[in-house]
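Coordinate inspection notes
Each chain, written out:
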Amino acid sequence: MAEVVSPVPGAGRREPGEVGRARGPPVADPGAALSPQGEIIEGCRLPVLRRNQDNEDEWPLAEILSVKDISGRKLFYVHYIDFNKRLDEWVTHERLDLKKIQFPKKEAKTPTKNGLPGSRPGSPEREVPASAQASGKTLPIPVQITLRFNLPKEREAIPGGEPDQPLSSSSCLQPNHRSTKRKVEVVSPATPVPSETAPASVFPQNGSARRAVAAQPGRKRKSNCLGTDEDSQDSSDGIPSAPRMTGSLVSDRSHDDIVTRMKNIECIELGRHRLKPWYFSPYPQELTMLPVLYLCEFCLKYGRSLKCLQRHLTKCDLRHPPGNEIYRKGTISFFEIDGRKNKSYSQNLCLLAKCFLDHKTLYYDTDPFLFYVMTEYDCKGFHIVGYFSKEKESTEDYNVACILTLPPYQRRGYGKLLIEFSYELSKVEGKTGTPEKPLSDLGLLSYRSYWSQTILEILMGLKSESGERPQITINEISEITSIKKEDVISTLQYLNLINYYKGQYILTLSEDIVDGHERAMLKRLLRIDSKCLHFTPKDWSKRGKW
C-alpha cells in the first residue's frame, strides 16, 4: 500500500480508447433526468462537470453512489468511472448532464465475483473492460518493453537449473568504443526469467525478424510481473482471489458495498496539518458526521472537538511514537512499534492509514505486525511523517505489508526513504524482500523508481578488471541490494536494459539512461545511513517472543 506521490486534482487519467468523456458543457434539461419515480436515483450514470489537472472543464462519465438532502438542496456523491476513487466527491445538481443519464437495471442487487449478492444497485452495461475499474490503474508506462528472453538451446530443456550457475562460459562481446552506449555483461543465473514472463522470443535491434521459442512445458504461464499496464502483480482483474489467512492486509474487494465505497470522514486535523481523506475508514459512526475529526499527533487518539483534543493533550505525556527508536540522523527518526505491545496506537495508526489506502483491509488484530514510524523532530516533539508495517513472520519474503507517506509530506523524498529503510532492515536480517502485492498506483510508481535507481547505482559503480568488461549476476545484485530476484529482473525489463547476444545476456546502458539517473540522484537528498541504524532482528518463530 503505498502512496508517495501527491495527488493532483484531476490526476486520474483514462486509458486510450476509453469512453464516457463528453467535452463541452451540455445544456441541462431538468425533465430528462427524472426516473419513473420522478427523481435521480443511486446507480444512475451520467456525465459530470469537473476540472482536470490543466484547469480545464471536462465531462467524464460518473456513477451516482448516494444522494442526500441538506436544507432542501440535493447533493450527489459521484464516482468518476475509471478514475481513482480518491477523486470521488459530492456535487450539486448544476454539475450533472441530465440529457445523457443512464438509469440502472431493474434488478436491485448485482452479484459479486464469488456469486454472493452485493449491496450496490444495478448499473448500466459498461463499454470498457471491467478490469480497468477493478484494478483502478491510472498509470501510463513511460517505457514499453519489447524485449523478451530467449534461453540458449542447451538450457531450454532444463529451466530449473542451479541459480548461481552462469548461462554460458563463452567470451563476452568486445566493447565498441565508437558506440554511444555503455555495456555491462550480466552473467545470468540458470533461471534468469521468472515464471511470470511471456513466451521467450528475440527482437533484433533492427526489429526485422522474430524467432519464437516454445513456452517451457509443464509450467503455467502468468501475466508479466511489471511489464504491462495491468501491473500491480495481482490477479488479472486486479482482485485477489482470496486473502491469505496469515497477516496479509490485502483487501478482499468482493465485499465492497456502497458504504465502504464512499469517503466517510470530511477532514482530519493532525497537529499543524489538516488532511482531506481519500477513501473510507471505519472510524466510529458518530464521528463521520463531524466537519473535522481531531487526532492527537503523538498517540493518534481521536476526538470529536477541539476542546476534547485540548483536554486530552493536558493528559497525554507522549512526544514521540511508543516503542524503540532504532534510527536517528538529523531530524529524521524511525521507531519500531510492536503491534501486540502497543495495540491501541497500532489500531489508531491503521485507522488513519486506511483514509489514504484503498486496496488494504483493516486488522484490529495487530499482533502479527511490526510498525516502523518515520518522524520529523522539532522543539515540540517527533511528528509522524509516514510509516510502513511488516509481518513478524512472512512465508513469502514480504518486507512491507502497508506503506504510506502522509499527504503533507509527499513529493519530498520521504517515500523512497521509507522504502530504502525497509530494505536496510532486510540487509541486517540477511534476507531479500519484496512488498506485499498488490501495490497501489502511487506505491508502484515509488517502488519502480527506487528499484531503478538502486540497480543503476550498482551497475554504474562496477569497475572493469584487467581491461575486461565488468560482470555481475542477478543473484549478486539481489544480495547486494536485498531486492528480491524477481523484482530485479522485472526492473531490468522495465528499463529495457537487457539484450541477448551470442548466447549471453548483456546490459546496455544508454547515455539517456545514465544522464537521467544522474539527474535523479542529484535530487535525492535524503538517504539512509546504515551507521545510524541500531537494530537487532528477532526470531519471531518462537511464540514466546510475541
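Reading guide: rules and limits
Every chain is numbered on its own, with residues counted from 1 as its sequence reads. Totals for whole chains, interfaces and linings use all residues, but because this is a predicted model, local features are given only for residues with pLDDT of at least 70 and pairs of side-chain atoms are given and counted only at 80 or more. Hydrogens and waters are ignored; side-chain quantities use all the structure's heavy atoms. Helical segments are the DSSP runs of H or I of at least four residues, strand segments are the runs of E of at least two, and each set is numbered from the N terminus. When a residue's accessible area, from a 1.4 Å probe over protein chains only, is under 20% of the maximum for its type it is buried; when over 50% it is exposed; and in between it is partly exposed. Only heavy atoms matter for contacts: two residues are in contact if any of them lie within 4.5 Å across the pair. Exposure was quantified through the Shrake-Rupley algorithm and a 1.4 Å probe, taking into account, for residues, occlusion by the shown protein chains and nothing else. UniProt positions are given in the numbering used here, feature names are shortened, and annotations may be inferred rather than shown by experiment. Salt-bridge detection follows one rule: a side-chain nitrogen of Lys or Arg within 4 Å of a carboxyl oxygen of Asp or Glu. Of all possible arcs, the one meant is that of the directions from the helix axis to the C-beta atoms. Note on ring pairs: Phe, Tyr and Trp rings are taken, using the six-membered ring of Trp, and paired if centres are within 6.5 Å. Classes follow the plane angle, with under 30 degrees stacked, over 60 edge-to-face and the rest tilted. Here the rule is simple: two strands pair whenever DSSP picks up at least two bridges between them. Definition used in this section: a nonpolar core is a set of buried Ala, Val, Leu, Ile, Met, Phe, Trp, Tyr and Cys residues joined via side-chain atoms within 4.5 Å. Lines fitted to C-alpha atoms define the axes here, with helix axes fitted over just the stretch in contact, and angles between the N-to-C directions of these axes take values from 0 to 180 degrees. Convention used here: angles under 35 degrees read as roughly parallel, angles over 145 as roughly antiparallel, angles from 65 to 115 as roughly perpendicular, and any remaining angle as oblique. When the near helix sits turned anticlockwise from the far one by under a right angle, the crossing is termed left-handed; a clockwise turn instead gives a right-handed crossing. Exposure above 30% relative accessible area and the lack of any salt bridge qualify a residue for a patch; like charges then connect within 9 Å, and the nonpolar side chains Val, Leu, Ile, Met, Phe, Trp and Tyr within 5 Å. For the charge count, each Lys or Arg is scored as positive and each Asp or Glu as negative, with His and the chain ends excluded. The atoms used to mark charge sites are NZ of Lys, CZ of Arg, CG of Asp and CD of Glu. Looking at any residue, its pLDDT shows the predictor's confidence there, from 0 to 100.

Describing the overall build of the protein
Summing up its helical and strand segments, the protein has ten helices and 23 strands in all. For the protein, the proportion of its 546 residues judged to be buried stands at 49%. Of all intrachain contacts in the protein linking residues separated by at least 6 positions in sequence, the fraction that spans at least 24 positions is 67%. Just so you have it, the protein exposes about 26,900 Å², and 51% of that area is on carbon and sulfur atoms.

Digging into the UniProt feature "active site" (unreviewed entry) in the protein
Feature annotation in UniProt assigns "active site" (unreviewed entry) to the following positions: E436. When you line up the elements, E436 lands in the loop between β20 (434-435) and α7 (441-460).

Observations concerning the pattern of salt bridges
A full pass over the atoms with the stated rule returns 22 salt bridges. In this structure, R51 engages D57 in a salt bridge whose closest nitrogen and oxygen atoms are separated by 2.4 Å. The class of R51 is partly exposed, set by a relative accessible area of 45%. Among the ionic pairs, E89 bridges to R95, the shortest N-O distance being 2.9 Å. Since its relative accessible area comes to 22%, R95 is described here as partly exposed. In this structure, a network of salt bridges that share partners links the residues E420, E457, R524 and R527.

Section: the environment of V514
Examined against the element boundaries, V514 turns out to sit in helix α10 (residues 511-523). In this structure, the C-alpha to C-alpha distance between V514 and E457, residues 57 residues apart in sequence, is 9.7 Å. Ignoring sequence-local partners within four residues, the contact set of V514 consists of M460 and L509.

Section: helix α8 (residues 474-481)
An α-helical turn contains 3.6 residues, so any two residues separated by three or four positions project in the same direction. Among all positions of α8, only I474, N475, I477, S478 and T481 are buried. In a view along the axis of α8, the buried residues occupy a sector of 160 degrees, so they form one face of it. Phi for S482, located one or two positions after α8, is positive at around 65 degrees.

Topic: the packing of aromatic side chains
Under the defined criterion, the tally for this structure stands at 19 aromatic pairs. Both rings, one in F369 and one in F371, keep their centres 6.5 Å apart while their planes meet at 50 degrees; by these two values the pair is tilted. Both residues of the pair, F369 and F371, count as buried. When the ring of Y372 is compared with that of F388, the centres are 5.1 Å apart and the planes differ by 20 degrees; the resulting orientation is stacked. Taken as a pair, Y372 in strand β16 (residues 369-378) and F388 in strand β17 (residues 381-391) lie far apart in primary sequence, 16 residues in all.

Considerations on the pairing of strand β19 (residues 402-405)
On β19, burial covers both faces: C402 and L404 on one face and I403 and T405 on the other are all buried. Across four bridges, β17 lies against β19 in antiparallel orientation. The partner of G386 across the bridge, within β19, is T405.

Quick word on the nonpolar core
Core analysis: the largest hydrophobic core is formed by 80 residues, its most contacted members being F334, L352, Y387, F421, L459 and L492. Looking at which element gives the most residues to this core, the answer is α7, with nine residues. Dropping the residues within four chain positions of it, F421 is found in contact with I326, Y327, F334, Y372, F388, I528 and L533. Grouped together as the second largest cluster of nonpolar side chains are 15 residues, I64, Y80, L87 and L96 included.

Here we look at unusual backbone geometry
The step from K437 to P438 runs through a cis peptide bond, and the omega angle for that step is 0 degrees. Within the fold, P438 resides in the loop between β20 and α7. Within the chain, S71 stands out as a residue other than glycine whose phi angle is a positive 55 degrees. Looking at where S71 falls in the secondary structure, it is placed in the loop between β4 (61-70) and β5 (73-80). For S71, a relative accessible area of 79% corresponds to the exposed category.

Quick word on the packing of helix α6 (residues 414-429) against α7
Axis separation between α6 and α7 bottoms out at 10 Å; the angle between their running directions is 60 degrees. If you check the angle between α6 and α7, you find them oblique. As α6 runs across α7, the sense of the crossing is right-handed. Residues K416, I419, E420, S422 and Y423 of α6 form the contact with α7, whose own contacting residues are S446, Y447, S449, Y450, W451 and Q453.

Some points on a negative patch on the surface
Side chains of E511, D512, D515 and E518 sit close together on the surface and give a patch of like negative charge. Counting through the fold element by element, E511 comes out in helix α10. Note on E511: relative accessible area 47%, which makes it partly exposed.

Quick word on helix α9 (residues 485-494)
Most of α9 is tucked away: nine of the ten residues are buried. When we look at burial in α9, the residues that qualify are K485, D487, V488, I489, S490, T491, L492, Q493 and Y494. Looking at the buried positions of α9, the neighbouring elements they touch are α6, β20, α7, α8, β22 (498-501) and β23 (504-509). Residue N496 follows α9 closely and has a positive phi angle near 60 degrees.

Points about the confidence of the model for the protein
Caution is warranted with low-pLDDT regions, since their predicted coordinates should not be read in detail. Of all residues in the protein, 64% have pLDDT values of 70 or greater, and the mean over the chain is 73. Considering only residues more than four positions removed or in separate chains, one finds that residues 1-33, a stretch of pLDDT under 50, has 104 contacts. Within the model, the stretch residues 117-182 combines pLDDT values under 50 with 174 contacts to residues more than four positions away or in other chains.

Quick notes on the sheet that holds β4
With respect to topology, four strands assemble into an open sheet ordered β1-β4-β5-β6, the strand pairing being antiparallel. At either margin of the open sheet sits one strand with a lone partner, and together these are β1 (45-47) and β6 (89-92). When strand polarity is set aside, the average angle formed by the axes of neighbouring strands in this sheet is 50 degrees. Bridge count between β4 and β5: eight bridges; the pairing is antiparallel. Paired with I70 across the two strands is R73, which belongs to β5.

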